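# An overview of the molecular structure
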Amino acid sequence: MTEPALRVDGLTKSFLGQTVLNGVDLRIAPGEIHALLGENGAGKSTLIKILAGVHAADAGRVTVAGRPLRPRHRLADAAAARMRFVHQDLGLVDELDVTENICLTSDFSSRGGLIRFGASRRRVREVLGRLGVDIDPGRRVGDLAQAEKVMVAVARAFSAEARLIVLDEVTASLPTPEVARLKDLLHQACRQGTAFLFVTHRLGEVFDMADAVTVLRDGRRIASARPADVTHDQLVEWLVGRYVAALAPRSGESHASAGTPVLRVKDLRATPHHAPLNFTVGAGEVVAFTGLVGSGAREVVRCLAGAQRPQEGTASLRGRRFPLGDPVGAAGRGSRYVAGDRQEGIAPDLCVRENLFLAHYCHGGRVLRPRRERRAADDLIARYDVRPPQASELPVVTLSGGNQQKVAIGRALSGAPGLLVLDDPTVGVDIGARVAIHRLIRQTADTGVPVVLASTDFSEVVSEAHRAVVMRDGRVGAVLSGADLTEQRLISESYRAREVA
Ligand SMILES: Nc1ncnc2c1ncn2[C@@H]1O[C@H](COP(=O)(O)OP(=O)(O)OP(=O)(O)O)[C@@H](O)[C@H]1O
Ligand SMILES: [Mg+2]
């Protein structure tokens, strides 16, 4: 019998006295696509970082293709065993270009000890082309959109002959159609014997892509199974420990129609490549901007939030001028923003409490007494189910990715926003928190707040938006609402050549 590509036995790890992994076992056959599921904070990324040699396990063993790695193995050992990783935070260097980022781990082309940049760039162009990724190898990574960064990190993992490729929530920030393309890439590679371990919060992907699935809960392995042998409800029960009706898959719901327009945007050109855009958002209305990577949807929303400066355009909120491209001015008018890029959305050096009240500090809120602030923080932590529950004074970077996102959401929704601007708000949050966040967004909208959402997740657009603007090449491709707002229509409109101006 062939050896498993990866075998993990009894992996155990604690941080600061908290057990994060507890005797976890895992087997992945060569050429197998294995999904790893678990709620935010269940220990998925920790397991992956141990495999990669970033963290050392307290106990347990990792065996790759029959050869045990030495205890407390290093990054180089993982690389020598031909494991490649796309970590949740991607691990790219913003200041370097695409070629440099890819060659950093897979070696530059060189001759006589000298790096041949031209040859390296050609090789990277070839790797990107093979994966169907249309990104110039000379672009600075810091200038790429989140989904483009994801594809660069994926290309880097695919560029070396790998035995096992580990993808930590890679699909989370990819638009729905691009996930389908990634799936094809995985299938191609696994036919050549490459095994995959991939983390996702989308149960649909497990049934669609995986040959096997393992569920972690509170650091323990709850079950491993073949997707064909389990139901959606069974997976949910393993994930959260009980059956939860609210987590059954939802199709689009009809929404009440929106109130009178309160946000008016005129001739907004987010970048030189954008056509002027005019739109209004009603009181209590949720308008989603969506499309493929590079469609320009996200930039529109970022201009509104003040995260980037538009080329031109004006806006008004409830009849008063609303500044575009001005984060402080926008916040001064009561606008709250959840950034799609977590690095942008949290202040890593501050603790959870300080992150929750950051907007309050910046915009002249009255000074809270520390004890009251701590109590308010505990309330928000409980309301958003941030884990661990005593997170208030912990540095925010020690939280799991999804829990950091809950902190960013908690900050935006607390208080009474006058406008809510959200860029992929549920990227990386687990299914329970996703339902909770959607409910809170709807509750906020129901108080008359206009909500502008950029989302790459078409099921989220269908279930949460009253109206979806599908962008293509910086212009409006289609506007969908009511019975027309379906995932199928969103996919076909995203791909359709520009027709409607
Ligand atoms: N460097 C660290 N120091 C202290 N605690 C940590 C550290 N890294 C992770 N943890 C804790 O370990 C637990 C598991 O985190 P991990 O990142 O593995 O979760 P996850 O399953 O990947 O969650 P998510 O779905 O949110 O990404 C969390 O409670 C987290 O706070
Ligand atoms: Mg994680």
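Refer to the structure presented above.
Counting from 1, residues in each chain are numbered in the order their sequence is written. For this description, chains carry letters from A and ligands carry numbers from 1, given in the order in which they are written. Residues qualify for local features only when their pLDDT is at least 70, as the model is predicted, and side-chain atom pairs are given and counted only at 80 or more; totals for whole chains, interfaces and linings, by contrast, use all residues. In computing side-chain properties, one takes all heavy atoms of the structure into account and sets aside hydrogens as well as water.

Okay, the packing of helix α5 (residues 146-159) against helix α6 (residues 176-191) next. Here, axes are lines fitted to C-alpha atoms. For helices the fit covers the stretch in contact, and angles between N-to-C directions go from 0 to 180 degrees. Put simply, DSSP H or I for four residues or longer makes a helix, DSSP E for two residues or longer makes a strand, and each gets a number counted from the N terminus. Contact geometry of α5 with α6 gives a least axis separation of 13 Å together with a crossing angle of 5 degrees. Taken together, the axes of α5 and α6 are roughly parallel relative to one another. Contacts between α5 and α6 involve Met151, Val154 and Phe158 on the former and, on the latter, Leu182, Leu185, Leu186 and Ala189. Throughout this description, any angle smaller than 35 degrees is read as roughly parallel, any larger than 145 degrees as roughly antiparallel, any in the 65 to 115 degree range as roughly perpendicular, and the remainder as oblique. It only takes one pair of heavy atoms within 4.5 Å for two residues to be counted as in contact.

To continue, consider the packing of aromatic side chains. Here a pair means two rings of Phe, Tyr or Trp (six-membered ring of Trp) with centres within 6.5 Å. Their orientation is stacked below 30 degrees between planes, edge-to-face above 60, and tilted elsewhere. In this structure the tally under the stated criterion is two aromatic pairs. Ring geometry for Phe158 versus Phe196: centroids 5.8 Å apart, planes at 35 degrees, classification tilted. Of this pair, Phe158 sits in helix α5 while Phe196 sits in strand β10 (residues 195-199); the two residues are 38 residues apart in sequence, bridging distant segments of the chain. For the residue pair Phe158 and Phe196, the accessibility class agrees, reading buried in each case. Burial classes follow relative accessibility: with a 1.4 Å probe on protein chains only, a residue under 20% of its type's maximum area counts as buried, one over 50% as exposed, and anything between as partly exposed.

For the rest of this paragraph, the subject is the sheet that holds strand β19 (residues 419-423). Across a sheet, strands are paired by hydrogen bonds formed along the backbone, either parallel or antiparallel in direction. With respect to topology, six strands assemble into an open sheet ordered β18-β19-β20-β15-β21-β22, the strand pairing being mixed. A single partner strand is all that each edge strand has here, and the edge strands are β18 (335-338) and β22 (475-481). Across this sheet, the average inter-strand angle for adjacent strands is 15 degrees, counted without regard to direction. As defined by bridge partners, β18 adjoins β19 across four bridges and the pair is classed as parallel. Looking across to β19, one finds that Arg336 is bridged to Leu420. Taken strand by strand, helix α15 (residues 401-413) contacts β18 and β19, and its axis lies near 175 degrees from that of β18. Think of it this way: DSSP has to see at least two bridges between two strands before they count as a pair.

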